[in-house]
Amino acid sequence: MSTNEKDVKKGVGSKGKKATPKQDEWIQKHLDVQLDMAHGWREMVDWGADAKALIAAFDDLRAALPGLAKIDSALAAHRERIKKAFDTLTGARITNDKAIREEKQREIEALLADLGALQAATALLAKFDAPAYAVPAEASDKESAAITQALAALRKKLVATPTPEVVTKAGGELAAIATLVTRTTKIVADRKAWAARHAVVEKTYKAAQAGFDPAVSAKITGWWQAVSGDAAALDYVQALAGVNVMDQVFAQLPKTQAAAKAARGQQTLAAKALDASVVTPLKKDLDAAELLLTKLDEAATGVTKLTEAAAAFATVSKAYTTALVKLAKAHETTDGGHSLDRHGPEITDDLLKRRVEKGLAADGVLSPTHSSTKFDKVEDWLETRDAAIKKILADNGVTATSLPPAVGTSYQGVLEHNKPIDSGFIADKTTASEKPMTDASGDPVYETKKGKKRWVRNDKSEPLAADGSVLPCGGAEKNPLDENGAPVAADDHATAKWKKGAKTPVLRVKTFTVYSGHTKVSGLTRTLTTIEWDGTKWKVVQHFPHAEGWDPVQKKYTTPI
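What counts and what doesn't
Residues numbered from 1 in each chain as written. Predicted model: local features only at pLDDT ≥ 70, side-chain atom pairs only at ≥ 80, totals over all residues. Heavy atoms only, no water. pLDDT = per-residue confidence, 0-100. Helix = DSSP H or I, 4+ residues; strand = E, 2+ residues; numbered from the N terminus. Contact = heavy atoms within 4.5 Å. Pairing = 2+ DSSP bridges. Axes fitted to C-alpha atoms, helices over the stretch in contact; angles between N-to-C directions. Buried < 20%, exposed > 50% of the residue type's maximum accessible area, 1.4 Å probe, protein only. Arc of directions from axis to C-beta. Core = buried A, V, L, I, M, F, W, Y, C linked by side-chain atoms within 4.5 Å. Lys, Arg positive; Asp, Glu negative; His and termini not counted. Salt bridge = Lys/Arg side-chain N within 4 Å of Asp/Glu carboxyl O. Phe/Tyr/Trp six-rings, centres within 6.5 Å; stacked < 30°, edge-to-face > 60°.

## So, the confidence of the model for the protein chain
Part 1: Of the residues in the protein chain, 70% reach a pLDDT of 70 or more, and the chain-wide mean stands at 78.
Part 2: Across the protein chain, the element-wise mean pLDDT spans from 39 in helix α9 (residues 266-271) up to 96 in strand β2 (residues 410-416).
Part 3: Across residues 1-15 the pLDDT falls below 50, and counting only partners more than four positions away or on other chains, this stretch makes 17 contacts in the model.
Part 4: Within the model, the stretch residues 296-304 combines pLDDT values under 50 with 16 contacts to residues more than four positions away or in other chains.

Here it is in structure tokens:
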């Protein structure tokens, strides 16, 4: 430090004399200049350290992100411009001229801002390869172009002019591109969901189309074209909703169509030797349901009314189902049968299994069987019942002009209906076991012969006592001897009189077969039906889905009818 600088620090003149007021003013001004110079150097050195660190970080970022290679030359040019400016500023001497120092300071601040902007631009460019800005898989060419063109335009802007203003605005533009990617991803997902659902429902539509009544068919075709048109207009959400509602409509249509057919065929039912008195009381229910069919056009004037249309179909279906259940029960009551109680659609799997495992039918009656089945729909019960009666009568030569058969005449037949009507369980016969039969109170049920309870006998027909010993017997039938030594006339434990102290024969208890193993089956297409003439009409005394000859593995019958 020079002598004059020391003097300035001490506040005295060059020769150690006390400074005059003018000298004091000069000393203060000179001191302010030196303080400004020191401040400028400090800022220069601090900025220099920051700038070196930023440029080093920039170099590291370029090396770590191969994706920036395509714009590396442009970024390198920005780097060299900043480094050159940095070298120029840090190599310049600090001048005493305040205006020049202030100008250099502004250059430093501008350079800092440019360097920060370039770093921010580089960070933004590095994001371009992130999943948030990637073109969604299966996007259309138009959708892909919207994203790639937006990214390309933004990249060009950031590389060409990475100013603070451009970078700040670019952050918002990049967020908009992310939103576009999200929206496009959803559109792609919606389109895939619609296409998959459409393909499934279209099969149902095409398969069922032939079975629709012409008027209904035309209406459904119009709706189907409308929901497909929504997809063509890129409104996949609306199109998917329409397809789903169409599926609901298709689910209701078969019931509605079958029920309508039954309703329109009331007179036919009566003509087929089915009691007209059963159908007539239900005419009001069936007519009410039939009337709802005419309301469908009002409920479905366009695709936006499909929900109302589906609801109308559901209402029609419910009305018909209610009426047809009444019709089925009325037939059952008139016939005195138990088909619905044991094989109706409402019978649960647990009740069906119980019959195989314990011999107890769904109606609580002991009725052992190796197959326990039920009808899937009441419409199937009515339709197969009617078809079975017609076929059995034809097979036995009974026509409308035939002479009335004798009361009690019965015929039985198995009929193939060529469509699935059933589900149920078939026993594994290797798991069979015999179970003693009891009555409602739990007492044994004994075998009888000509009204007499039967005794347990050995292979020589000799009656046996409880300990297995052969009882004294006589007579042609080898019956045990009574108290007078004479053979009892017939098997009758209850009324026989035995000699005092004599052993009595053991009664033979009825047994039935149950099965611990079984297989669930579905898709049976045959029924077994028994009809009987009561003097005025044919009664259906037995009617159920037939499992005899069904192979659960091959899912088909292996025996002919």
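That was the structure; now back to the text.
## Here's the deal with the sheet that holds strand β1 (residues 371-375)
Part 1: The strand order across the open sheet formed by three strands is β1-β3-β10, and the pairing between neighbours is antiparallel. Strands with a single pairing partner mark the edges of an open sheet, and in this sheet they are β1 and β10 (518-522). Adjacent strand axes in the sheet meet at a mean angle of 10°, parallel and antiparallel pairs treated alike.
Part 2: In this sheet, strand β3 (residues 422-427) lies alongside β1 in antiparallel orientation, the contact comprising five bridges. Note on β3: the bridge partner recorded for Thr-373 is Gly-424.
Part 3: Relative to the sheet, helix α15 (residues 349-358) contacts β1, β3 and β10, its axis offset from that of β3 by approximately 30°.

## Digging into α15
Part 1: Of all the residues in α15, the buried ones are Leu-352, Arg-355 and Val-356. Along the axis of α15, the buried residues cluster in a sector spanning 95°; they form a single face.
Part 2: The elements touched by buried residues of α15 are α14 (339-343), β1, β3, β9 (511-515) and β10.
Part 3: Remark: Gly-359 follows α15 within two positions and exhibits a positive phi of approximately 80°.

## Description of the nonpolar core
Here is a general trend for soluble globular proteins: nonpolar side chains tend to be buried in one another's company.
Part 1: Within the largest apolar cluster, 19 residues are counted, with the highest numbers of intra-cluster contacts made by Phe-128, Leu-151, Leu-154, Leu-158, Leu-174 and Ile-177.
Part 2: In terms of residue count, helix α6 (residues 164-209) provides more of this core than any other element does, eight residues in total.
Part 3: Look past the residues within four positions of Phe-128 in its chain and what remains in contact with it is Tyr-133, Leu-151, Leu-154, Arg-155, Leu-158 and Leu-174.
Part 4: Counting residues in each nonpolar core, the second largest holds 14 residues, with Trp-194, Val-201, Ile-220 and Ala-231 among its members.

## Here we look at the environment of Gln-248
Part 1: Residue placement: Gln-248 occurs in helix α8 (residues 236-264).
Part 2: Separated by 47 residues in sequence, Gln-248 and Val-201 have C-alpha atoms that sit 9.9 Å apart.

## A short note on the side chain of Glu-462
Part 1: Tracing the chain through its elements places Glu-462 in the loop between β6 (452-453) and β7 (473-474).
Part 2: One buried charged residue, Glu-462, remains without a salt bridge, the closest side chain of opposite sign being Lys-478 at 4.9 Å.
Part 3: Ignoring sequence-local partners within four residues, the contact set of Glu-462 consists of Val-456, Arg-457, Val-470 and Lys-478.

## Comments concerning the packing of aromatic side chains
Part 1: All chains considered together, the criterion is met by five aromatic pairs.
Part 2: Aromatic pair Trp-194 and Tyr-236: ring centres 6.2 Å apart, planes at 50°, arrangement tilted. Note that Trp-194 is positioned in helix α6 and Tyr-236 in helix α8, a separation of 42 residues in sequence.
Part 3: Given a relative accessible area of 15%, Trp-194 falls into the buried group.
Part 4: Between the aromatic rings of Tyr-411 and Trp-538, the centroid separation amounts to 5.6 Å while the plane-to-plane angle is 35°, which identifies the pairing as tilted. In this pair, Tyr-411 is assigned in strand β2 and Trp-538 in strand β12 (residues 538-545), connecting sequence segments 127 residues apart.

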